[in-house]
Amino acid sequence: MDPVVIPILVAAIVVVFLVASSVRIVPQARRYNIERFGRYRRTLQPGLNLVLPVADRVNTKLDVREQVYSSQPKPVITEDNLVVNIDTVLYYQITDPRAAAYEVADYLQAIDQLTVTTLRNVIGSMDLEETLTSREEINTRLRTVLDDATGKWGIRVNRVEIKAIDPPNTIKEAMEKQMRAERDKRAAILHAEGERQAKILTAEGTKQKDILEAQGTQQAMILRADGEAKAVERVFQAVHRNNADPKVLAYKYLETLPHLANSDNNTFWVIPGELTEAVRTVTTAFGDHSSTGLPATTRPAETATADAEGTSAAGSAELEADPPLSLDAAAAADEVAKQAAAAVSDAKAEAEAARSPQVPGRNQKG
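Residues numbered from 1 in each chain as written. Predicted model: local features only at pLDDT ≥ 70, side-chain atom pairs only at ≥ 80, totals over all residues. Heavy atoms only, no water.

With respect to the nonpolar core
With 28 residues, the main nonpolar core has I86, L90, Y107 and I138 as its most contacted residues. Those elements that provide at least two residues to this core are β8 (83-94), α3 (107-123), α5 (135-150) and β9 (155-166). Those residues in contact with I86, other than ones at most four positions away along the chain, are Q72, P73, K74, V76, L119, I123, I162, A164 and I165. Listed in part, the five residues of the second largest apolar core include V26, I34, L44 and V51. (Core = buried A, V, L, I, M, F, W, Y, C linked by side-chain atoms within 4.5 Å. Buried < 20%, exposed > 50% of the residue type's maximum accessible area, 1.4 Å probe, protein only. Helix = DSSP H or I, 4+ residues; strand = E, 2+ residues; numbered from the N terminus. Contact = heavy atoms within 4.5 Å.)

What follows is the structure, given as structure tokens:
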């Protein structure tokens with residue numbers, strides 16, 4: 001080989017190596033920290049960058065996108081001396097690559113330890129019930145403390161979320177019993193409210209039904225009373241218009257007596273005070289009839305006897321005719337009285353028969 005070609009090849013190789021060493025291509029959302037002779041020089045931005053081949057070197061490569069860090073569950077003691085395991089999720093982003101590389105040795109470990117310390121300080125002032133119901137407050141206080149502490153490390157904490165809070169098993173069982181009791185209580189309350197509403201609606205329906213039935217009964221009674229009033233008025237007008245005989249009125253009066261005890265609810269029977277007046281009226285009516293009707297049948301014989309024997313015999317014949325007239329009137333009165341007494345006896349018997357099932361002891365005694 002030609003001795004001149006070898007140095008040329010060596011020089012070309014050196015030039016290519018120097019050029020390759022001086023060119024750095026940084027991907028998007030990445031940052032490279034450059035050190036020159038062991039000292040921080042600058043941070044390379046995304047794209048094509050030139051550095052000194054031998055003096056400059058890349059110390060750290062950082063990702064400036066928002067990243068997620070999930071810590072392991074850490075035991076924390078609450079104010080009521082209960083140990084709970086809390087697992088957190090951290091969302092952070094590198095804003096200053098130089099500070100993230102040179103201000104803290106391991107920013108993830110630092111953030112994790114700071115999170116545990118802050119959690120113990122925050123939850124140590126809360127009881128278990130408040131811890132379980134105050135996640136938003138705990139997240140806000142954690143984010144404030146971490147953001148202030150990590151600002152000088154070139155890291156911004158965007159969000160801190162509590163992923164899980166695990167109390168002891170005994171506490172879990174007690175909480176489950178409490179929740180079950182609360183659900184049973186709400187179920188019983190809802191059931192009682194439902195029954196209450198149902199009873200209210202039923203009572204309102206019964207009330208409306210009773211009101212409507214009462215109104216219907218009232219209207220029926222009014223119409224029935226109006227009909228009876230019109231019927232009585234027509235009967236009264238017919239009686240006065242036809243000038244009814246007292247005998248008819250007295251007979252109708254006596255005819256209604258047996259109907260006084262027809263009702264099943266009657267326990268006693270009252271004889272009206274006008275019964276004697278009705279009997280007297282009937283007696284008078286039959287007496288008038290006998291005094292006016294019977295002499296018509298006997299008067300011819302008496303007249304024939306008076307003509308045959310004379311004036312004196314006529315007077316004696318009239319005196320003998322008077323006793324039969326009085327006897328007929330008395331017989332009619334007795335008949336009417338017997339009929340009235342029979343009607344009263346029938347009414348009393350019907351009343352006693354209606355009352356006897358309600359008072360069995362009295363029937364057995366009698």
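A look at the pairing of strand β3 (residues 39-44)
Examined bridge by bridge, strand β2 (residues 30-36) and β3 share five bridges and lie antiparallel to one another. Its bridge partner lying in β3, E35 is registered against Y40. Connecting the antiparallel pair β2 and β3 is a turn made up of two residues, with F37 showing a positive phi of about 55 degrees. (Pairing = 2+ DSSP bridges.)

Here's the deal with the side chain of N33
Counting through the fold element by element, N33 comes out in strand β2. A distance of 2.6 Å separates the side chain of N33 from the side chain of T60, its partner in a polar contact. In this structure the side chain of N33 is engaged in a polar contact, spanning 3.3 Å, whose partner is the backbone oxygen of P97. In contact with N33, not counting residues within four places along its chain, are Y40, R42, T43, R57, V58, N59, T60, L62, P97, R98, A101 and Y102. (Polar contact = N/O pair within 3.5 Å; in protein donor to acceptor, adjacent residues only side chain to side chain.)

Regarding the sheet that holds β3
Within a sheet, neighbouring strands are paired by backbone hydrogen bonds and run either parallel or antiparallel to one another. Taken in spatial order, the three strands make up an open sheet running β3-β2-β5, and their pairing is antiparallel. Each having just a single partner strand, β3 and β5 (56-63) make up the two edges of the open sheet. Recorded for the sheet is a direction-independent mean angle of 25 degrees between the axes of neighbouring strands. (Axes fitted to C-alpha atoms, helices over the stretch in contact; angles between N-to-C directions.)

Here's the deal with the packing of aromatic side chains
This model, assessed by the stated rule, comprises two aromatic pairs. Judged by centre distance (5.5 Å) and plane angle (65 degrees), the ring pair of Y40 and Y102 falls under edge-to-face. With Y40 in strand β3 and Y102 in helix α2 (residues 97-102), this residue pair connects regions lying 62 residues apart in the sequence. Y40 gets classed as partly exposed once you look at its relative accessible area, which sits at 29%. Ring geometry for Y92 and Y107: centres 6.0 Å apart, planes at 65 degrees, overall edge-to-face. Within this pair, whereas Y92 is found in strand β8, its partner Y107 is found in helix α3, the two being separated by 15 residues in sequence. Judged on exposure class, the residue Y92 and its partner Y107 are both buried. (Phe/Tyr/Trp six-rings, centres within 6.5 Å; stacked < 30°, edge-to-face > 60°.)

Examining the pairing of strand β7 (residues 74-77)
Residue alternation in β7 divides its side chains into a buried set, K74 and V76, and an unburied set, P75 and I77. Two elements, β7 and β8, share four bridges in a ladder whose sense is antiparallel. Among the inter-strand pairings, V76 is bridged to a residue of β8, identified as V84. Taking the residues between adjacent antiparallel strands as the criterion, β7 and β8 are bridged by five residues, where N81 takes a positive phi near 60 degrees.

Some thoughts on a nonpolar patch on the surface
Taken together, the side chains of I6, V10, V14, F17, L18 and V54 make up a nonpolar region of the molecular surface, amounting to roughly 550 Å² of accessible area. Relative to the helices and strands, V54 is located in the loop between β4 (47-50) and β5. (Patch = residues over 30% accessible without salt bridge, like charges linked within 9 Å, V, L, I, M, F, W, Y side chains within 5 Å. Areas by Shrake-Rupley, 256 points an atom, 1.4 Å probe, with all protein chains shown as cover. Salt bridge = Lys/Arg side-chain N within 4 Å of Asp/Glu carboxyl O.)

Observations regarding unusual backbone geometry
In this structure, F37 takes a positive phi of about 55 degrees despite not being glycine. According to the relative accessible area criterion, F37 is exposed, its value standing at 70%. Positioned with a positive phi, N81 is a non-glycine residue whose angle comes to about 60 degrees. When you line up the elements, N81 lands in the loop between β7 and β8.

Things to note about a positive patch on the surface
A cluster of like positive charges, contributed by K177, R180, R183 and R186, occupies part of the molecular surface. Summarising the element assignment, R180 is placed in helix α6 (residues 169-242). Owing to a relative accessible area of 47%, R180 belongs among the partly exposed residues under this scheme. (Lys, Arg positive; Asp, Glu negative; His and termini not counted. Charge placed at Lys NZ, Arg CZ, Asp CG, Glu CD.)

Focus: α3
If you check α3, its first and last C-alpha atoms are 24 Å apart, about what 17 residues at 1.5 Å a residue would give, namely 24 Å. The set of residues buried in α3 consists of Y107, A110, I111, D112, T115, V116, T118, L119, V122 and I123. (Expected span 1.5 Å × (residues − 1).)

Let's talk about the confidence of the model for the chain
When pLDDT is averaged along the chain, the result is 75; 66% of the residues meet or exceed 70. When the criterion is pLDDT under 50, residues 288-327 qualifies, and its contacts beyond four places in sequence or with other chains add up to 13 contacts. (pLDDT = per-residue confidence, 0-100.)

Observations concerning the packing of α3 against α5
One can describe the packing of α3 onto α5 by two numbers: an axis separation of 10 Å at closest approach and a directional angle of 140 degrees. On the basis of their axis angle, the class for α3 and α5 is oblique. For the element pair α3 and α5, the recorded crossing hand is right-handed. Mapping the contact onto sequence places I111, L114, T115, T118, L119, V122 and I123 in α3 and I138, R141, L142, V145, L146, A149 and T150 in α5. Looking at the contact of α3 with α5 residue by residue, the classes come out as 10 nonpolar, three polar and one charged. (Parallel < 35°, antiparallel > 145°, perpendicular 65-115°, else oblique. Left-handed = near helix turned anticlockwise from the far one by under 90°. Nonpolar A, V, L, I, M, F, W, Y, C, P; charged D, E, K, R; others polar.)

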